[in-house]
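# Inside the fold
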Amino acid sequence: MSARPVRLLIFGAVFAAAAVLAALGYLSLRRWEAAAELQLREQARDVAAMAAEKVEMAVVRAEQDGIASLQAAALAPDFGPESVEAWRARNPLFDAVYLCDRHGRVLYPARWSRDDALVIAALRAELSQRFWERGGRRHLEAHGQVILAAVIPGSGRGPLLVGLRRDQQALSRDVLEKTLGGTEGKTALAVLDAGGRAVFTSRPLDRAAPVLTVPFGEALPAWRVALYEPTGLSPRDMVRRQAMIFMAAFALLLVVIAAGLAATYRLTRRESEIARLKSDFVANVSHDLKTPLSLIRMFSETLEMDRVPDESRRREYYGVLTRESERLSRLIDNVLDFSRIESGRQRYRLEAGPVEPIVHEVVESFRHPLHQQGFALDVRVAPDLPDVAMDAEALKQALSNLLDNAMKYSADRRCIRVEARREGAGVAVEVADQGIGIPVSERERIFEKFYRVGRSETQGRRGSGVGLALVKHIVEAHGGRVTVDGAPGEGSRFTLHLPPGG
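Let me begin by describing the structure that accompanies this report.

Cut-off values and rules
- Residues numbered from 1 in each chain as written.
- Predicted model: local features only at pLDDT ≥ 70, side-chain atom pairs only at ≥ 80, totals over all residues.
- Heavy atoms only, no water.
- Phe/Tyr/Trp six-rings, centres within 6.5 Å; stacked < 30°, edge-to-face > 60°.
- Buried < 20%, exposed > 50% of the residue type's maximum accessible area, 1.4 Å probe, protein only.
- Helix = DSSP H or I, 4+ residues; strand = E, 2+ residues; numbered from the N terminus.
- Contact = heavy atoms within 4.5 Å.
- Pairing = 2+ DSSP bridges.
- Axes fitted to C-alpha atoms, helices over the stretch in contact; angles between N-to-C directions.
- Core = buried A, V, L, I, M, F, W, Y, C linked by side-chain atoms within 4.5 Å.
- Left-handed = near helix turned anticlockwise from the far one by under 90°.
- Nonpolar A, V, L, I, M, F, W, Y, C, P; charged D, E, K, R; others polar.

## Some thoughts on the packing of aromatic side chains
For any pair of aromatic rings, geometry is given as the distance between the ring centres together with the angle between the planes. Under the counting rule described, the total for this entry stands at one aromatic pair. Note on tryptophan 87 and phenylalanine 94: the rings are 5.8 Å apart at their centroids and 20° apart in plane angle, and the pair reads as stacked. The exposure class of tryptophan 87 is buried, given its relative accessible area of 0%.

In structure tokens, the structure reads:
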């Protein structure tokens, strides 16, 4: 057995053993951490629930005392607005009082604002006839406020509907502070209103992290008790810290083992591949530069020495010079653009415009060489295509590279189709051939710089290895994408998916 398989076998065995050990250790740690966190969370929930219950009982008791004292005042013969004002002075927990008789007349306040009118209307609408007859208390949501509604029987004016609105500052001072202010330990409790704002905190929350929240009952609808623990000092944080230290140490050990086994192999292989690709790139570019230059020189000398027998041959030579110079320009543009992309200096100016002229211009520039080499060209451009945001020259270059590749890799079946069609709100431009095709395993790599499909059918053909990398970069800079389809021996189909213009 050679050295390379032995090294790979050792590496696989060591890595597998370390992976199994890591998985078992990780599962054990996760189970222990989950059990510890569950226990701590249940304890925290009990603490918050007890706090919510104490606050609820204190609020209900204060409301009962307020209703009882107001009912006693209503039984007096001289009960009126002055009596209500005196009651308000003795009960600062409530900052607004509303009194209505059985017929809906407002007895207090004598003057009310638009907000008061909305609350009174809500009270009238929410309370049924049975509530008047049965009495009792009920909390209502009225115009974004919690109103305590109660029916007071036995007054000189018959049963009265009372609506009481709590003062938030008085609630915090007289109820929450007395109920939760003496909380011991490092745990902090906060009372949050319906908007999530902290109405009361048992201690500053600057360095505390939220653990959970528990809702109140009917007396404080949509309000919650939140429990906070000091950051980094809670038992849960200690559990997690110990677990993370162990996991980090174990992960570091695995990384060292894997790095020691794989680093040299990967680096050597990568450097060798890059060196080979760069060497191929230089050789291919040199060949591609030399070929058109040689043709240009040969036909230029022929024309200069006036060795052309007739005018038709002269025009043919001029066409060769034009075609080869365009080919040379495309190659130089590819190399220069690739250099700018590599250095991060390539910029595109995107402007909304039609795709049809771009497609027709590129096709016309290739029509003569396609005809000379015996290609059948099928161009299909759908009518009324939407405009796309594009850099016209860059898009021409991408399409030219695809057509050039289609010519190079078409083999015996020389048929190329260029199609532009609507795709959703954008446009899809497709270049398809019936050539040698691309294996599925190579479809992602063909867009890498310098990469060429490693088969005998492709290695004998000219090419720099950067054309498709440029195509991908150009299309993605336009906000689109490029896809490839086909199979070996059945040809290739490259599609530029371009988004609509702004």
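The discussion continues.
## A word on the environment of aspartate 391
The topology assignment puts aspartate 391 in the loop between β12 (388-390) and α9 (392-408). When the C-alpha positions of aspartate 391 and isoleucine 474 are compared, they lie 8.9 Å apart, and in sequence the two are 83 residues distant. Excluding residues that lie within four positions of it along the chain, aspartate 391 makes contacts with Tyr348, Arg349, Leu350 and His478.

## Thoughts on the sheet that holds strand β11 (residues 376-381)
Strand order in this open sheet of five strands is β11-β13-β14-β16-β15, and the pairing throughout is mixed. The sheet is open, and its two edges are formed by β11 and β15 (481-487), each paired on a single side. For this sheet, the mean angle separating the axes of adjacent strands, direction not counted, is 15°. The pairing of β15 with strand β16 (residues 491-498) spans seven bridges and is antiparallel. Opposite aspartate 485, over in β16, you have arginine 493 as the bridge partner. Here helix α8 (residues 356-372) sits on the sheet and contacts β11, β13 (415-423) and β14 (426-433); the angle it forms with β11, its principal contact strand, is near 175°. Its contacts with the sheet place helix α11 (residues 467-477) against β15 and β16, and it is angled at close to 25° to β16.

## Comments concerning the sheet that holds strand β4 (residues 145-152)
Here five strands make up an open sheet; going across it, the order is β2-β1-β5-β4-β3 and the pairing antiparallel. Where the open sheet ends on each side, the last strands, each with one partner, are β2 (106-108) and β3 (137-142). Sheet twist, expressed as the average angle between the axes of neighbouring strands with direction ignored, equals 30°. Here strand β1 (residues 94-100) pairs with strand β5 (residues 160-166) via six bridges, running antiparallel. Among the inter-strand pairings, phenylalanine 94 is bridged to a residue of β5, identified as arginine 166. Strands β1, β2 and β5 of the sheet are contacted by helix α2 (residues 81-90), whose axis makes an angle of about 155° with β1.

## Describing the nonpolar core
Within the largest apolar cluster, 43 residues are counted, with the highest numbers of intra-cluster contacts made by Leu164, Leu171 and Phe216. Sequence-distant contacts of leucine 164, defined by excluding residues within four places in its chain, comprise Ile67, Trp87, Phe94, Ala96, Val97, Val146, Ile147 and Leu148.

## Focus: the packing of α9 against α11
Remark: α9 packs on α11, axes separated minimally by 9 Å, with the N-to-C direction vectors making an angle of 145°. For α9 against α11, the interelement crossing comes out left-handed. Residues Ala394, Leu395, Gln397, Ala398, Asn401, Leu402 and Asn405 of α9 touch α11, and the partners they reach there are Gly467, Leu468, Leu470, Val471 and Ile474. Looking at the contact of α9 with α11, its residues break down into eight nonpolar, four polar and no charged.

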